[in-house]
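Summary of the model geometry
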Amino acid sequence: MSKISKMNKRFDVGSANERQDKVQSSNVGKFTQYDRGGQSNVDKQENISSPRERLRSASRALASVAVALIAGLGMLPFLGSTAFAATSVTINSGPSPSPSSAGAPAVYTVGFTTSPSGALAAGSGTITLAGPTGTVFPSSATDYSVNGILASTVSGGGTDTATITTPTAIGDSTPVTVVTNGVTNPPAGTYTLAVSTSSDTVTVSTGKYTISTGISGLTIAPENPVNSTQNSASTNYTVTFDTSS
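Quantities reported herein were computed from a predicted structural model and do not represent experimental measurements. (Residues numbered from 1 in each chain as written. Predicted model: local features only at pLDDT ≥ 70, side-chain atom pairs only at ≥ 80, totals over all residues. Heavy atoms only, no water.)

1. Details of the overall build of the chain
- Of the regular secondary structure elements, the chain holds four helices and 14 strands.
- Looking at the chain residue by residue over its 245 residues, the buried ones come to 26%.
- The contacts of the chain with a sequence gap of at least 6 include a subset with a gap of at least 24, amounting to 61%.
- For the chain, the exposed area adds up to about 15,000 Å²; of that, 57% sits on carbon and sulfur atoms. (Helix = DSSP H or I, 4+ residues; strand = E, 2+ residues; numbered from the N terminus. Buried < 20%, exposed > 50% of the residue type's maximum accessible area, 1.4 Å probe, protein only. Contact = heavy atoms within 4.5 Å. Areas by Shrake-Rupley, 256 points an atom, 1.4 Å probe, with all protein chains shown as cover.)

This is the structure in structure tokens:
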């Protein structure tokens with residue numbers, strides 16, 4: 001072999017070795033780049049087409065979603081006990097039946113304040129009054145008023161629990177006065193009235209009130225109204241009443 005051929009052969013071998021060194025040097029640079037899971041960018045390129053690796057990646061993604069869902073569900077009891085806690089009104093006064101005789105038709109006046117989230121919309125918000133056994137609420141909506149405005153819808157008339165649809169809008173933390181005419185008092189005893197609304201759903205009791213033994217339906221009428229206008233005439237009067245139950 002000539003000297004020129006030997007020199008060209010040595011040059012070709014050297015060039016090949018030099019190219020291999022460059023590739024190895026380049027790969028060394030690639031292998032030094034690792035992600036948080038300890039996998040290099042070259043590994044990722046080699047494994048990205050592997051079905052097993054794709055399955056592992058999908059499994060890891062599903063596991064992350066499951067952990068997030070479990071963590072979210074774990075927060076539900078906390079949210080339910082705070083942000084979604086049921087509320088109640090604050091009783092200010094009442095019911096103070098007048099008269100307070102057992103079995104008599106009476107006027108009940110109840111005052112309360114809605115909670116900070118207890119607003120009621122006119123025509124849809126409701127107020128519920130629940131009396132003790134023996135109480136009879138009237139059936140006519142016009143016997144009820146809310147903040148001085150007559151109601152147009154009521155349910156539960158003829159029972160001891162009445163639900164009034166408020167005829168006027170009521171805001172959060174707002175005083176409310178409910179007046180009910182013609183409520184039949186229960187038998188003699190000491191009672192409370194329960195109050196709730198469609199926004200403040202927790203029932204609270206009013207202060208105690210007392211129903212006493214007495215008469216009701218008292219009427220006094222002269223038998224001879226004409227003679228009763230004469231100074232010298234004597235007149236008989238008829239007195240009627242109902243005893244308490």
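2. Here we look at the nonpolar core
- Ranked by internal contacts, the top residues of the largest apolar core, which has 27 residues, are Phe-112, Ile-127, Leu-129, Ile-164 and Val-178.
- Listing elements by their share of this core, those giving two or more residues are strand 2 (105–113), strand 3 (126–130), strand 4 (144–146), strand 7 (161–165), strand 8 (175–184) and strand 12 (209–211).
- Per-element tally for this core: the top contributor is strand 2, with four residues.
- Every residue in contact with Ile-127, bar those within four places of it in the chain, is listed here: Phe-112, Leu-120, Val-146, Ala-162, Thr-163, Ile-164, Ile-170, Val-176, Val-178, Ser-196 and Thr-197. (Core = buried A, V, L, I, M, F, W, Y, C linked by side-chain atoms within 4.5 Å.)

3. Structural notes on the sheet that holds strand 6 (residues 154–155)
- Taking strand neighbours across the sheet as the criterion, the five strands line up as 6-7-3-10-11 in an open arrangement whose pairing is antiparallel. Since the sheet does not close on itself, it has two edges, and those belong to strand 6 and strand 11 (204–205), each with one partner.
- Bridge analysis of strand 10 (residues 194–197) against strand 11 gives two bridges, and the strand direction is antiparallel. Across the sheet, the residue bridging to Val-195 is Val-204, located in strand 11. (Pairing = 2+ DSSP bridges.)

4. Some details on the side chain of Thr-165
- With respect to the secondary-structure elements, Thr-165 resides in strand 7.
- Residue classification places Thr-165 among the buried positions, given a relative accessible area of 17%.
- Non-local contacts of Thr-165, meaning those with residues more than four positions away in its chain, are made with Gly-123, Ser-124, Gly-125, Thr-126, Ala-151 and Thr-153.

5. Some words on the sheet that holds strand 2
- Reading across from one edge, 1-2-8-4-5 is the order of the five strands in this open sheet, with antiparallel pairing throughout. Every interior strand has two partners, whereas the edge strands, strand 1 (90–93) and strand 5 (149–150), have only one.
- Across three bridges, the pairing between strand 4 and strand 8 is antiparallel. By the bridge assignment for strand 8, Tyr-144 is matched with Thr-180.

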